[in-house]
Amino acid sequence: MTPAASDPAGSDKEVMMVSHAGSCLFCALDTNDLETALSFARQLRGAVGGLKLGLEFFVANGPEGIRKVTAAGGLPLFLDLKFHDIPNTAAGAVRSAVALEPTFLTIHTSGGAAMMKAAAETAHSEAERLGIARPRLLGVTVLTSLTDRELHSVGQETPVAEQVQRLAALAQEAGLDGVVCSPHEIAAVRAQSGADFTIMVPGIRPATALLGDQKRVMTPAQARAAGADYLVIGRPITQEKDPAAAARKIAAELR
Ligand code: C5P
């Protein structure tokens, strides 16, 4: 059971029972190897607030792999499967995912309001049926790998920043709990959506790390100051010799 599962009513935005400097950090375990993920999960217990597992891991290891990693880490799970389909099918995927007791689960906001509403309703009803905490549904806005130019090439004329705000508003209206967005959109989404809307942010680099592309990344402290609730950090933790120490060092930047 994840810590959030002890809060079945679960209407509060703060869903973490763990409380330490790294509580807002989710470490992305971008691997297809079960043993590697299990090892990180064991090492990172107490050093981060949760673990993010995505499609790379899920496609290789399935629900059973997810359960094993969650059990090994005893940490809240961010299940980043980015569902995007017709409302009935997306809702069915959410129904299946609820049984894995993720604290956070993602769907694409560009799937539209009807898809998001169906997903949100199903997350509620299925969690209630199973008697477990419902996952917080987060909407993926514009993938951080897309630029204005790339959006334009798929017929999307609105600039990235404006499109993220539009999709965040749509997600909130549809009953989602929050969004995933790049560090650059945190402040605008926070101003628009209010304090209760969860903002989960990837693209974070510790202040001590070399910034490959200064424009596209932010430090943990900058992202939190801009209004992010949770930070997704992968390689700056997983590629270090001592991942737990690296996570604690990042957490220390937030104090
Ligand atoms: O780069 P890093 O290893 O910290 O990435 C962690 C997670 O953040 C990845 O799993 C990816 O989903 C996400 N990410 C992103 N946009 C980026 C970089 C990473 O959404 N520009």
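Notes on the structure follow. (Residues numbered from 1 in each chain as written. Predicted model: local features only at pLDDT ≥ 70, side-chain atom pairs only at ≥ 80, totals over all residues. Heavy atoms only, no water.)

**Overview of the overall build of the protein chain**
Scanning the protein chain from N- to C-terminus turns up 10 helices and 8 strands. Across the 255 residues that make up the protein chain, the buried fraction comes to 53%. Nonlocal contacts in the protein chain, meaning residues at least 24 apart in sequence, comprise 71% of its contacts between residues at least 6 apart. When the accessible area of the protein chain is evaluated, it comes to approximately 11,600 Å², of which 51% is carbon and sulfur surface. (Helix = DSSP H or I, 4+ residues; strand = E, 2+ residues; numbered from the N terminus. Buried < 20%, exposed > 50% of the residue type's maximum accessible area, 1.4 Å probe, protein only. Contact = heavy atoms within 4.5 Å. Areas by Shrake-Rupley, 256 points an atom, 1.4 Å probe, with all protein chains shown as cover.)

**Observations regarding helix 2 (residues 55-73)**
In a regular helix each residue adds 1.5 Å, so 19 residues correspond to 27 Å; helix 2 covers only 19 Å between its end C-alpha atoms and thus falls short of that length. Bending of helix 2 peaks at approximately 110° at the position of glycine 62, with proline proline 63 no more than four residues after it. Among the structural elements, helix 1 (34-44), strand 2 (50-54) and strand 3 (77-83) are those in contact with the buried residues of helix 2. Glycine 74 occupies a position one or two residues after helix 2 and carries a positive phi of about 60°. (Expected span 1.5 Å × (residues − 1). Bend = angle between axes of the 7 residues up to and from the residue.)

**Considering unusual backbone geometry**
For residues that are not glycine, phi is negative in most cases, and the peptide bond is trans in most cases. Positioned with a positive phi, lysine 82 is a non-glycine residue whose angle comes to about 45°. Position of lysine 82 relative to the elements: it lies in strand 3. Judged by its relative accessible area of 27%, lysine 82 is partly exposed. Not every positive phi belongs to a glycine, and glutamate 101 is a case in point at roughly 55°. Inspection of the secondary structure assignment puts glutamate 101 in the loop between helix 3 (87-98) and strand 4 (104-108).

**Some thoughts on the side chain of threonine 158**
For threonine 158, the location among the structural elements is in the loop between helix 5 (148-153) and helix 6 (160-173). Under the relative-accessibility criterion, threonine 158 is labelled buried at 14%. One polar contact links threonine 158 to glutamine 156, side chain to side chain, over a distance of 2.8 Å. Residues within four places of threonine 158 in sequence aside, it is in contact with Leu151, Gln163 and Arg166. (Polar contact = N/O pair within 3.5 Å; in protein donor to acceptor, adjacent residues only side chain to side chain.)

**What about the site of the ligand?**
If you check the shell around the ligand, you find Ala28, Asp30, Lys52, Thr144, Pro202, Arg205, Val232, Ile233, Gly234, Arg235 and Pro236 and nothing else. One nitrogen or oxygen atom from the side chain of threonine 144 is found 2.3 Å from a nitrogen atom belonging to the ligand. Within the side chain of arginine 205, a nitrogen or oxygen atom sits 2.6 Å from an oxygen atom of the ligand. For the ligand, whose accessible area on its own is 440 Å², the fraction buried by protein is 75%. When contributions to the shell around the ligand are tallied by element, the ones reaching two or more residues are strand 8 (230-233) and helix 9 (235-238). (Near = heavy atom within 4 Å.)

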